[in-house]
Amino acid sequence: HLKPIWEFAPGNSIWIKSNLSYLSDLADSKYGYNNAIGYNLDSNENSLSLDYEQISKDYRARMGLVYETNIESFKLDYSHRTSFNKFKIRKINSRFIFCSENSFDEHKYINRFISGSITSYTNYNFAVSLKSTVKDEFYINRFYDQYIVTLSGIWYNFGWFIPDFRFSKLKALVYNEEKCFDMYWLQGAISSEINKFTSIRITSDHIQYLNAKNYYFDDDFWLVNIDTDIAFSENLSCSAGIRLDTYSEDNTIGSFINLQWKLWEHYSITSGYKSSPDPFSNENKQTIYIKNELLF
C-alpha cells in the first residue's frame, strides 16, 4: 500500500494511492491493482474532495475490506460550515456527496448515489441531523431504486456520558431475493470517556422489514456492539470489541482485539486477533494478523 500526499498550498493537496496484490492460485492472472488519485480542499468554512479510483478484475485483498472488483468510480464530497447565534443555534454544517461507478472493463454505469445532510448544533449541547440518500444500483440485468432518510441526535451535556440515537426509514435491495424492501432501522448508543486514556461505546440496532413476511430471511433482528479503546501511552494503544447479532437462527457472537505500537515517528506495528462467524458454515473464523506501517 502506497499513498503519497502533496500539499502544494495551504489547505490544498493532491494525493495518489496504489495497492498491488498477488495471488498464486488465481487461474487467469496473478496480479491485481487498486489505484486512485484525488484532490482535497480544506478551509475554515468549506471542505471539498474529488477522487477517481480503479479496481482491476483480478485485485484481491485478503487482509482488507474490498467487496467489489472490476470497477472505476468518481466521487465528489463537499461540506460547508456556518457559525452564528440565532434561535439558540451555534453552528450548522451541511454536506453533499455524489458518487458514480462503472464496470472497469466495459465502462458501463452500474451504481450511482446522491446524498445530502444538514446538522444543527444548539446552545444546549444537543445536535440534530437530517440526512437523505437516493441510490440507483445495477444487479443481475436490471436497476433497483433505493433510498434512506435518517433523523439523528446526540447530547453532549456530560463529557463522560454521551447518548445518541438514529432513526431511519429506507428502501433497500436484498440481493438473494432480487427485490427491494421497505425497512425501519432504529439505533441507540452510549459513548463514555472514562478518563483521558480509556473510552467505551455501546450500540444497539433494531432492524425490521415491513413487507417481507412471505420471504425466507430474517425480517426482524438486533445487532449489539461493545467497543473500548485504551491508550497505555502516547506510543502504545489497544482497541477491543464484542459483536452480537440475532440475524440467523442461532445468535452469533464475534470479538476482536488490536494492539498498535508506534516505534518511531514514521513507523508503527499493529497486531490483532478477530473471531467472527463464517457465513458459509456454522463455525467461527479465527484471524491473526500483523501490519507494518511506514508513513512520511
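Numbering of residues starts from 1 in each chain and follows the order in which that chain's sequence is written. Reporting in this predicted model follows two pLDDT cut-offs: at least 70 for local features of residues, and 80 or more for side-chain atom pairs to be given and counted; totals over whole chains, interfaces and linings ignore these cut-offs and use all residues. Side-chain metrics rest on all non-hydrogen atoms present in the structure, leaving aside hydrogens and water.

Engineer: Is there a simple way to explain the layout of surface pockets in this structure?
Structural biologist: The gaps left among the atoms become clear once a water-sized probe is rolled over them. The pocket and cavity definitions rest on a 1 Å grid over protein atoms only: a 1.4 Å probe that fits but cannot leave marks a cavity, an open set with protein on both sides within 12 Å along at least five of seven lines marks a pocket, and residues lining either have an atom within 4 Å of a point. Grid points are joined across faces, edges and corners, and a volume is the space filled by probe spheres set on the points. Approximately 550 Å³ is the volume found for the second largest pocket. Along its surface, the second largest pocket is lined by 21 residues, and L173, V174, Y175, Y209 and Y247 are the ones closest to its centre. Strands here are runs of E lasting at least two residues and helices are runs of H or I lasting at least four, both read from the DSSP assignment and numbered beginning at the N terminus. Counting residues per element, the lining of the second largest pocket draws most heavily on strand β10 (residues 162–174), at four residues.

Engineer: Where do I start with the nonpolar core in this structure?
Structural biologist: Soluble, globular proteins show a tendency: their nonpolar side chains are buried together. Here the nonpolar core consists of buried residues drawn from Ala, Val, Leu, Ile, Met, Phe, Trp, Tyr and Cys, with membership extended through side-chain atoms lying within 4.5 Å. For each residue, the accessible area found with a 1.4 Å probe, counting protein chains only, is set against the maximum for its type, and the residue is called buried under 20%, exposed over 50%, and partly exposed in between. Counting ten residues, the largest nonpolar core is built from L170, A172, V174, F181, M183, I207, Y209, A212, F217 and F221. Counting only elements with at least two residues in this core, the list comes to β10, β11 (179–195) and β12 (198–209). No other element matches β10, which puts three residues into this core. Contact between two residues is taken to exist if any of their heavy atoms lie within 4.5 Å; hydrogens are not considered. Leaving out residues up to four positions away in the same chain, F181 has contacts with L170, K171, A172, V174, Y209, N211, A212, Y215 and F217.

Engineer: What is the right way to read the packing of aromatic side chains from this model?
Structural biologist: What counts as a ring pair is set by centres within 6.5 Å for rings of Phe, Tyr and Trp (its six-membered ring), and what kind of pair is set by the plane angle: stacked under 30 degrees, edge-to-face over 60, tilted for all other angles. Going through the model one piece at a time under the given rule, you end up with eleven aromatic pairs. A ring pair is formed by Y33 and F104, whose centres lie 6.4 Å apart and whose planes are at 90°; its orientation type is edge-to-face. Taken together, the residues Y33 in strand β3 (residues 31–42) and F104 in the loop between β6 (89–103) and β7 (109–122) connect sequence positions 71 residues apart. An angle of 80° between the planes, with centres 4.9 Å apart, marks the rings of F181 and Y215 as edge-to-face. With F181 in strand β11 and Y215 in the loop between β12 and β13 (220–231), the pair connects residues that are 34 residues apart, well separated along the chain.

Engineer: Teacher, can you tell me more about unusual backbone geometry here?
Structural biologist: Note: most peptide bonds trans; most residues except glycine with negative phi. One non-glycine residue, I140, lies in the positive phi region at around 50°. Along the chain, I140 turns up in the loop between β8 (126–138) and β9 (143–155). Assessed through its relative accessible area of 43%, I140 is described here as partly exposed.

Engineer: What's the story with the environment of I114 in this structure? I'm lost.
Structural biologist: Within the secondary structure, I114 is located in strand β7. Separated by 68 residues in the primary sequence, I114 and N46 place their C-alpha atoms 19 Å from one another. When sequence neighbours within four positions are dropped, the list of residues in contact with I114 reads F96, I97, F98, S132, T133 and V134.

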